[in-house]
Amino acid sequence: MSSLHKSRIADFQEVLKEPTIALEKLQELSFSGIPCEGGLRCLCWKILLNYLPLERASWTSILAKQRELYSQFLREMIIQPGIAKANMGVSREDVTFEDHPLNPNPDSRWNTYFRDNEVLLQIDKDVRRLCPDISFFQRATEYPCLLILDPQNEFETLRKRVEQTTLKSQTVARNRSGVTNMCSPHKNNAPSSLNEYEGMNEIVGPLYYTFATDPNSEWKEHAEADTFFCFTNLMAEIRDNFIKSLDDSQCGITYKMEKVYSTLKDKDMELYLKLQEQNIKPQFFAFRWLTLLLSQEFLLPDVIRIWDSLFADASRFDFLLLVCCAMLVLIREQLLEGDFTVNMRLLQDYPITDVCQILQKAKELQDSK
């Protein structure tokens, strides 16, 4: 370990030991990358994503409260209507004359249950496809949920619900975010907003990996709960990207994609005109870059490094637009020489693997404003 790296670790430790964390100082340090030693990244992300408050004294009580709340969510979400819950002291009231599995009422609890099963199928498929080349995501967790695995309870796990749910008339397709999903054969797969859950596995994956590899065994044990709340906070900030009705608003994904091009126009007019001439629209590549926070463009360790800077961005993801612009500028020579087919291949399979170079260029673009 170099003396410079040791110095950076010491800087983080100094900030994090204060009774009240200096957020601006933490953001400044994190922007240049967070060391993974000693669980520093896990802790910093939880603060930067507003899961932990700046006051250290309240961390223990807040974590205990949130983790208990997550257990409550599990109890509520994994119980199937129609299964007796005597062990929980709850009588069976879910099958009544007014509400039963054949009830056509759209407000029926059972109707909701069956609709949820369709969503669970999509989630299950996305989770199975997440980072298939990384062994971490293919093996069982060190800390499985005992609430679900306890053979004495009468809960039905989501896994069983998925296994028991049959597909209707559906086919496998690939949407514009690059996420393979189940869709109707008659569905128009032209560029449009994601469904409310498509692609979110690509967001939750790096979060869970980071928290579940925390060297602190106590925090690692609760990685699932901590991931849930950090993911919820993160999605609260980027959810507009997934809402079709907001596509053309100033907070929607179309506006952000156009913002990447307008920034490129300011920084590199020649390259901008070349892409315009070839009718290469930002929707062809920037949609995936922006909605999935570049999680599909780079290897997981590089994605995590990029997220250090994104989470530390005081303007909340304005820096992401500059990163996307920097990615274009760094391959300008190839883009200027290539035709439409070559350039689309470059943009959909980005060639540069040195994310530090990309982040440095993005910072230069930011400083030149």
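Residues numbered from 1 in each chain as written. Predicted model: local features only at pLDDT ≥ 70, side-chain atom pairs only at ≥ 80, totals over all residues. Heavy atoms only, no water.

Visitor: Is there a simple way to think about the overall build of the chain in this case?
Guide: The secondary structure content of the chain amounts to 18 helices and 2 strands. Split into buried and exposed, the 369 residues of the chain put 47% on the buried side. Long-range pairs, those at least 24 residues apart, make up 65% of the contacts in the chain between residues at least 6 apart in sequence. Accessible surface computed for the chain: about 19500 Å², of which carbon and sulfur atoms make up 52%. (Helix = DSSP H or I, 4+ residues; strand = E, 2+ residues; numbered from the N terminus. Buried < 20%, exposed > 50% of the residue type's maximum accessible area, 1.4 Å probe, protein only. Contact = heavy atoms within 4.5 Å. Areas by Shrake-Rupley, 256 points an atom, 1.4 Å probe, with all protein chains shown as cover.)

Visitor: I keep staring at the packing of helix H3 (residues 40–48) against helix H8 (residues 200–212) and nothing clicks. Help me out?
Guide: Working note: a packed helix pair is described by the angle between its axes plus the distance between those axes. In the contact formed by H3 and H8, the axes pass within 8 Å of each other and the chain directions differ by 130 degrees. Accordingly, the angle class assigned to the pair H3 and H8 is oblique. Crossing handedness for the pair H3 and H8: left-handed. Contact with H3, carried on its side by Arg41, Cys42, Trp45 and Lys46, involves Pro206, Leu207, Thr210 and Phe211 of H8 and no other residues of that element. Broken down by class, the residue content of the contact of H3 with H8 amounts to 5 nonpolar, 1 polar and 2 charged. (Axes fitted to C-alpha atoms, helices over the stretch in contact; angles between N-to-C directions. Parallel < 35°, antiparallel > 145°, perpendicular 65-115°, else oblique. Left-handed = near helix turned anticlockwise from the far one by under 90°. Nonpolar A, V, L, I, M, F, W, Y, C, P; charged D, E, K, R; others polar.)

Visitor: Any chance you could explain the nonpolar core here in plain terms?
Guide: Soluble globular proteins tend to bury their nonpolar side chains together. Among the nonpolar cores identified, the biggest contains 91 residues, and Trp307, Phe311 and Leu328 are the most heavily contacted of them. Examining the composition of this core, we find that 11 residues originate from one element, helix H15 (residues 318–330), more than from any other. Shared between two domains, this core takes at least three residues from each, and those domains are domain 1 (39–80 + 100–167 + 194–238) and domain 2 (243–368). Contacts of leucine 328, omitting those with residues within four sequence positions, involve Val260, Tyr261, Leu264, Leu271, Phe285, Trp289, Leu335 and Leu347. (Core = buried A, V, L, I, M, F, W, Y, C linked by side-chain atoms within 4.5 Å. Domains from an automatic or database assignment.)

Visitor: So what exactly am I meant to see when it comes to the pattern of salt bridges here?
Guide: Opposite charge on two side chains allows them to pair when their charged atoms are near. Under the counting rule described, the total for this entry stands at 14 salt bridges. Between aspartate 308 and arginine 41 there is a salt bridge whose closest N-O contact spans 2.7 Å. Taken together, the residues span a long stretch of sequence, with aspartate 308 in helix H14 (residues 300–312) and arginine 41 in helix H3 at a distance of 267 residues. Take aspartate 308: its relative accessible area is 0%, and that puts it in the buried class. A salt bridge links aspartate 367 to lysine 363; its shortest N-O distance comes to 2.8 Å. Taken together, the residues aspartate 367 and lysine 363, both in helix H18 (residues 355–367) and 4 residues apart, mark about one turn of the helix. By relative accessible area, which is 54% here, aspartate 367 ends up exposed. For lysine 363, a relative accessible area of 30% translates into the label partly exposed. (Salt bridge = Lys/Arg side-chain N within 4 Å of Asp/Glu carboxyl O.)

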